[in-house]
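# Fold and contact review
Spelled out from the first residue to the last, the chains are:
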Amino acid sequence: MKTAHRVHFRDARKMKFLPDASIDLVLTSPPYPMIAMWDETFTALSPAAGKALKRGDGRGAFSAMHRSLEPVWAELYRVLRPGGLACINIGDATRTVGGRFMLYPNHARILAFALELGFTPLPAILWRKPTNAPTKFLGSGMFPAGAYVTLEHEYILVLRKSDRREFDDPDAKQRRRESAIFWEERNAWFSDVWMDLRGSRQALGRNEAVRARSGAFPPELAYRLILMFSVKGDTVLDPFLGTGTTLKSAAMAGRNSVGIEIQKEFRGEIFAGLEEVVPAGRARIRARIDEHLAFLERCRAEQRAVKHVSRHYGFPVVTRQETGILLNLPEELRVRDGEGFEVSYRADPHRLDAAASAPATPPAVPAGGQIPLF
Ligand SMILES: C[S@@+](CC[C@H](N)C(=O)[O-])C[C@H]1O[C@@H](n2cnc3c(N)ncnc32)[C@H](O)[C@@H]1O
């Protein structure tokens, strides 16, 4: 298996170079309106936003900033295939403009516009993101009633274009079977509150300072959403690419990807992290297998039956849907003409180095079954 990844340094408000219905999943995080670090970006996208800020008109600036994002949301609707999904990570903002402190509800504004475009909103994920900002106690402190609660979460809006995606042809069906996630992963990941992402593996976080300045999301957030909402061989688009987290996570997960970024200065950061994609992708797959083995250990300790058997790995799995899981190990990454890269994957079911990945007590495997395998 091979995947291709391409970066376009241009303005995502015009995506004419992408054909209609050519994208399976959008995963993105725009600049956040009314968060001061993005004022300059928004002033460049919309002079009206800059002028409104200058005259202390918070509501006007909020509207103008959102109007400058709307052409991108409209283009996403066009390029998504029917049944394709868009995951949009967005946080609300609190800010004092013209002497008035208020909440600027970015997620609500984007959701309302997505509804107008025809998207079908699905339940969103609240990403709990504790803040250590000094503004933790806002307003009147210990005195009622003028204190404000602290924003400690962001949203991942989940939108679908039209009805549920069909997997009609045999190839699509097969890719879907191989892309199933483990039962215990499903239970954890399909919760609507994510609490576990801080301090998670930062495999692609070579330069945390740059990542923080650019509003990068954690690689684990991108990787997980890609596994949840696409199948191997799909194409994932990020129109606000930043440091390139989506492209690298898509490559780790065996998906193709396209990224659009308006600032050419990000080229260095996007391409600098590429040598980590293969080792990080392999390590993440190994961790998924090890976590599954640990889950099987707990099942055994609790005497819970795990009835089905993985066809490729020989270990037990809870449901029939998991029996076809096939994890493609990234093997080699080649940079192509400075604007993209390709990744090849090992096609054969992996023989994992059992000594390195087996837990101290091997999991219960059926008679004649194999011990998994890296
Ligand atoms: C919140 S950051 C994305 C961070 C990214 N998720 C990551 O992990 O690094 C938003 C990015 O969108 C870019 N951007 C803003 N407006 C854009 C536009 N119209 N077209 C393309 N990129 C744009 C900004 O330069 C910025 O890098």
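The present account deals with the structure reproduced in this document.

### Re unusual backbone geometry
For residues other than glycine, phi is negative in most cases, and the peptide bonds are mostly trans. Backbone torsion omega between Pro-144 and Ala-145 reads -5°, so that peptide bond is classified as cis. Within the element layout of this structure, Ala-145 appears in the loop between strand S7 (138-139) and strand S8 (147-148). At Ala-21, a residue that is not glycine, the phi angle is positive and equals roughly 55°. Among the secondary structure elements, Ala-21 is positioned in the loop between strand S1 (2-8) and strand S2 (23-28). On the neighbour-count criterion, Ala-21 (14 C-beta atoms within 10 Å) is partly exposed. Within the chain, Ser-162 stands out as a residue other than glycine whose phi angle is a positive 55°. Tracing the sequence through the fold places Ser-162 in the loop between strand S9 (153-160) and helix H5 (170-178). On the neighbour-count criterion, Ser-162 (14 C-beta atoms within 10 Å) is partly exposed.

### Structural notes on the nonpolar core
Residues Val-26, Cys-87 and Ile-226 are the most contacted members of the largest nonpolar core, which totals 65 residues. Top element by residues in this core is helix H3 (residues 58-79). It accounts for nine residues. Once you skip the residues sitting within four places of it in the chain, Val-26 turns out to touch Leu-76, Leu-80, Ala-86, Cys-87 and Leu-237. Counting 10 residues, the second-largest nonpolar core is a separate cluster that includes Ile-289, Leu-293, Tyr-313 and Ile-325.

### Digging into the environment of Thr-94
Topologically, Thr-94 is positioned in strand S4 (residues 93-97). Each C-alpha atom of the pair Thr-94 and Tyr-104 lies 6.0 Å from the other, and the pair is 10 residues apart in sequence. Apart from residues lying up to four places away in sequence, Thr-94 is in contact with Phe-101, Leu-103 and Leu-151.

### Describing the packing of helix H2 (residues 47-54) against H3
Geometrically, a packed helix pair is captured by the angle between its two axes and the distance between the axes. Contact pair H2 / H3: the axes reach a minimum separation of 8 Å and the direction vectors enclose 165°. Judged by the angle between their axes, H2 and H3 are roughly antiparallel. Considering how the two elements wind past one another, H2 and H3 form a crossing that is left-handed. Two secondary-structure elements touch here, H2 through Ala-48, Ala-49, Ala-52 and Leu-53 and H3 through Gly-60, Ala-61, Ala-64, Met-65 and Ser-68. Taken together, the residues of the contact of H2 with H3 sort by class into seven nonpolar, two polar and no charged.

### A look at the packing of H3 against helix H4 (residues 106-117)
Running from amino to carboxyl end, H3 crosses H4 at an angle of 40°, the nearest separation of the two axes being 10 Å. One way to sum up the angle between H3 and H4 is to call them oblique. Taken as a pair, H3 and H4 cross one another with a handedness that is right-handed. Listed contacts from H4 to His-66, Glu-70, Trp-73, Ala-74 and Tyr-77 of H3 are Arg-109, Ile-110, Phe-113, Ala-114 and Leu-117. Residues of the contact of H3 with H4, tallied by class, amount to seven nonpolar, one polar and two charged.

Definitions and cut-offs
Each chain has its residues counted from 1, running along the sequence as written. With pLDDT at 70 or above as the cut-off, local features in this predicted model cover only qualifying residues; side-chain atom pairs require 80 or more to be listed or tallied, and sums for whole chains, interfaces and linings still use all residues. Strands are runs of DSSP state E lasting at least two residues, helices are runs of H or I lasting at least four, and both sets are numbered from the N terminus onward. Counting other C-beta atoms within 10 Å of each residue's C-beta, where C-beta atoms are placed from the backbone, gives the exposure class: buried for 20 or more, exposed for 12 or fewer, partly exposed between. Under the definition applied here, buried Ala, Val, Leu, Ile, Met, Phe, Trp, Tyr and Cys residues are grouped into a nonpolar core through C-beta atoms within 7 Å. Two residues qualify as a contact pair if the distance between their C-beta atoms, derived from the backbone, is within 7 Å. To obtain each axis, a line is fitted to C-alpha atoms, and for helices this fit is confined to the stretch in contact; angles are then taken between N-to-C directions over 0 to 180 degrees. Our angle categories are set so that under 35 degrees counts as roughly parallel, over 145 as roughly antiparallel, 65 to 115 as roughly perpendicular, and the remainder as oblique. A crossing counts as left-handed when the near helix is turned anticlockwise from the far one by less than a right angle, and as right-handed when that turn is clockwise. Polarity classes work like this: nonpolar for Ala, Val, Leu, Ile, Met, Phe, Trp, Tyr, Cys and Pro, charged for Asp, Glu, Lys and Arg, and polar for all others, with Gly in that last group.

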